[in-house]
Amino acid sequence: MSDDLRNIVLGVIAAGLSAALGWLARTYLWRRKLRRKQAFFGLPDNSESLLVVNRGAAGPDLTVMRYDVFALLELAALIKDCNAHAQVVPHDTARQGFGERTEFCVGGPASNRRMAAHLSSLLPGVRVNVEAEPTPDRGAFQIGSERYRAEAGRTEHVLLARLTVSQSNGDRPVFLFCGQTPITNQAATRYLARHHERLARKHGTGSFVLLLKVVNSEAYGPDVVELVADVSRAAQEELPAPAPRSSRRAG
């Protein structure tokens, strides 16, 4: 074999080895990224999850409002990326405990019975004004000693939470998207889709509760979202009685 031919063969072999090593490295990094995502969402391969939504008021059939449909689409994409499956169930028929399947619960406690139960059981430091009368405090959040009102179309708030109970009940988390208006639920799911890697780095697979603010939804829809605060501690501590009355308008 001549020197030129030997150099060509060695070059081809080196190129093949480099390509194989590059493919293996990319595959390893992709799998590691996927496993981290699956761990954060509690969705291993072929696992099942629940999407809990409001039931429309028009009748017994399951009808979902427009913004909640958009929220479900955001979540469905995340679930599919984890190689998992989802079942959509109305809020008044979801009767499972914690930890068996990952749950994504969408909607405020005024229209979502399951959300009301989760707030009562898991976030005793959160109160939501569910009065039907159109008062300034309608839909307001009280978290610890702070109160956050909604200004429809201008400044609206939503709680985004990842909650786990105990290892004895399983290791599947409950994700809550509890907004003051329907568009804020979609905003929270979009925020989770965009920032889940950063949230996983910061919180791991533990519990957290974030208060988000949706800015000028009349003009920007669900796209402009600001993090107001990590309210995990205040949200999970029992509110004192009587509750503090300090009030502020969040701007």
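Everything that follows concerns the structure shown earlier in this document.
A quick note: this is a predicted structure, and the numbers were derived from the prediction, not measured. (Residues numbered from 1 in each chain as written. Predicted model: local features only at pLDDT ≥ 70, side-chain atom pairs only at ≥ 80, totals over all residues. Heavy atoms only, no water.)

Draft legend 1. Broad picture of the packing of helix α2 (residues 66-81) against helix α4 (residues 182-203). The N-to-C vectors of α2 and α4 enclose an angle of 15°; their axes lie 7 Å apart at closest approach. As judged from the angle between their axes, α2 and α4 are roughly parallel. Handedness of the α2/α4 crossing: left-handed. Residue-level inspection shows Y67, D68, F70, A71, E74, L75 and L78 of α2 in contact with α4, the latter providing P182, I183, N185, Q186, T189, R190, L192, A193 and H196. Each residue belonging to the contact of α2 with α4 can be placed in one class, and the counts come to nine nonpolar, four polar and three charged. (Axes fitted to C-alpha atoms, helices over the stretch in contact; angles between N-to-C directions. Helix = DSSP H or I, 4+ residues; strand = E, 2+ residues; numbered from the N terminus. Parallel < 35°, antiparallel > 145°, perpendicular 65-115°, else oblique. Left-handed = near helix turned anticlockwise from the far one by under 90°. Contact = heavy atoms within 4.5 Å. Nonpolar A, V, L, I, M, F, W, Y, C, P; charged D, E, K, R; others polar.)

Draft legend 2. Quick look at the sheet that holds strand β8 (residues 174-179). With mixed pairing, seven strands are arranged side by side in an open sheet as β2-β1-β3-β8-β7-β9-β10. At either end of the open sheet lies a strand with only one pairing partner, and these are β2 (85-90) and β10 (225-230). The average angle at which neighbouring strand axes cross in this sheet is 20°, direction not considered. As judged from the eight bridges shared by strand β7 (residues 155-163) and strand β9 (residues 208-215), these two strands associate in the antiparallel manner. Across the sheet, the residue bridging to A161 is V209, located in β9. Relative to β9, α4 is tilted by about 135°, and along the sheet it contacts β3 (102-106), β7, β8, β9 and β10. (Pairing = 2+ DSSP bridges.)

Draft legend 3. Quick look at the layout of surface pockets. Taken as a whole, the second largest pocket holds about 270 Å³ of empty space. Lining the second largest pocket are 13 residues, with K33, R36, E197, A200 and R201 sitting closest to its centre. Put simply, the parts of the chain that give the lining of the second largest pocket at least two residues each are α1 (3-41) and α4. Per element, the largest residue contribution to the lining of the second largest pocket is seven residues, and it comes from α1. (1 Å grid on protein atoms, 1.4 Å probe; cavity = no way out; pocket = protein on both sides within 12 Å on 5 of 7 lines; lining within 4 Å. Points joined across faces, edges and corners; volume = space filled by probe spheres on them.)

Draft legend 4. Inspection of α4 at higher detail. Between the first and last C-alpha of α4 there are merely 27 Å, a value that for 22 residues lags more than 12% behind the 32 Å anticipated at 1.5 Å per step. Roughly 70° is the biggest bend found in α4, and it falls at H195. Note on α4: the residue one or two positions beyond its end, G204, has a positive phi of about 65°. (Expected span 1.5 Å × (residues − 1). Bend = angle between axes of the 7 residues up to and from the residue.)

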